[in-house]
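Remarks on the overall topology
Below, each chain spelled out in residue letters.
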Amino acid sequence: MTDSSDDEITLSKESLSALQDFYKSREVEQQDKFEISEDWQLSQFWYEEETSKYVANVIEQETIGGNVVVCLSTPSIYKVLHKNNNLLLNSNLFEYDKRFDVYGEKFHFYDYNNPEDGISEQLKGNVDYICLDPPFLSEECIEKVAKTIALLRKPTTRLLLLTGRIQWDNIKKHIPEMMICKFEPKHPRLQNDFFCCSNYESKLLGLEIKN
């Protein structure tokens, strides 16, 4: 037997197959930890996959001024951004459900009832794009989420809000710069009339009306 570095280690077919199975199982395990199901008790209803992918693409294409993104109560959209692993973006998830702490330092516990709590100094006034879906269809929820936005945003921050169309009057009251987009988000399990609105003219989302 020799210690020469020129010698190659050759595995038997059985050993090679076992090694391949090991790596495959590790890859599946890594993927599975991000497969988090809806919790209806927390008012969680994931978008259709195509909606999540489309909105994530909008964020990637239309973030300007910097690279800091916050997905506020939109974990299914954040999941796509995380999977895309766009190194040009610094994406963060604000979410009440602590199961999402699998995302490590990118997860920020967020309770809309305490809209100004727990926001890191690094993010205050430093976010370039905020995508949000307030967890409840109430004026109180919109009002409190608006306080969070005010802490995170810059004058140039782009906002994209997805929710039920019934919230439009409340949105105009508390975030008056918003405009209704042509793009309509889809939920596979809900029949409500959903829409989205932004504070900028998005080429990918279009505009339904101009305020």
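Model, not experiment: these values are computed from the prediction.

Rules used in this analysis
Residues numbered from 1 in each chain as written. Predicted model: local features only at pLDDT ≥ 70, side-chain atom pairs only at ≥ 80, totals over all residues. Heavy atoms only, no water. Helix = DSSP H or I, 4+ residues; strand = E, 2+ residues; numbered from the N terminus. Buried < 20%, exposed > 50% of the residue type's maximum accessible area, 1.4 Å probe, protein only. Contact = heavy atoms within 4.5 Å. pLDDT = per-residue confidence, 0-100. Salt bridge = Lys/Arg side-chain N within 4 Å of Asp/Glu carboxyl O. Pairing = 2+ DSSP bridges. Axes fitted to C-alpha atoms, helices over the stretch in contact; angles between N-to-C directions. Disulfide = S-S within 2.5 Å.

Secondary structure summary: the protein chain contains five helices and seven strands in total. If you list the helices and strands of the protein chain from N to C, you get α-α-β-α-β-β-β-α-β-α-β-β. Relative to its 211 residues, the protein chain shows a buried fraction of 43%. Here the contacts in the protein chain between residues at least 6 apart in sequence split such that 67% fall between residues at least 24 apart.

Moving on, we come to the confidence of the model for the protein chain. Chain-level pLDDT for the protein chain is 84 on average; 75% of the residues reach the 70-or-more range. Confidence drops under pLDDT 50 across residues 1-7; counting only partners more than four residues distant or on other chains, this segment forms one contact. Confidence drops under a pLDDT of 50 for residues 22-31, and excluding neighbours within four residues, the segment shows zero contacts in the predicted structure.

Turning our eyes to something else, we now look at the pattern of salt bridges. It is possible for side chains bearing opposite charge to pair when their charged atoms get close. Following the criterion strictly, the structure yields twelve salt bridges and no others. Residue lysine 53 pairs with glutamate 49 through a salt bridge whose shortest N-O separation is 3.1 Å. Remark: glutamate 49 and lysine 53 occur in helix H2 (residues 49-62); sequence separation between them is four residues, near one turn of the helix. Since its relative accessible area comes to 54%, glutamate 49 is described here as exposed. Note that glutamate 140 is salt-bridged to lysine 144, the shortest N-O span being 3.0 Å. In this pair, glutamate 140 and lysine 144 are both assigned in helix H4 (residues 139-152), four residues apart and thus about one turn of the helix distant. Put simply, Arg165, Glu184, Lys186, Asp193 and Glu208 are held in one network by salt bridges that share partners.

It is worth spelling out the sheet that holds strand E1 (residues 68-72) at this point. Read from one edge of the open sheet, seven strands run E3-E2-E1-E4-E5-E7-E6, paired in mixed fashion. Strand pairing shows two members of the sheet lacking a second neighbour, strand E3 (107-109) and strand E6 (179-180), which therefore form its edges. By the bridge criterion, five bridges tie strand E4 (residues 127-132) to strand E5 (residues 153-164) in an arrangement that is parallel. Bridge pairing links cysteine 131 to leucine 160 in E5. Against the sheet, helix H3 (residues 75-84) contacts E1, strand E2 (90-95), E4 and E5, and its axis sits at roughly 155° relative to E2. Where H4 meets the sheet, its contacts fall on E1, E2, E4 and E5, and the angle it forms with E5 comes to roughly 155°.

Further remarks concern the state of the cysteines. Considering all chains together, one arrives at zero disulfides under this definition. Cysteine cysteine 131 is unpaired, with the sulfur of cysteine 71 as its nearest cysteine sulfur at 5.2 Å. Given a relative accessible area of 0%, cysteine 131 falls into the buried group.

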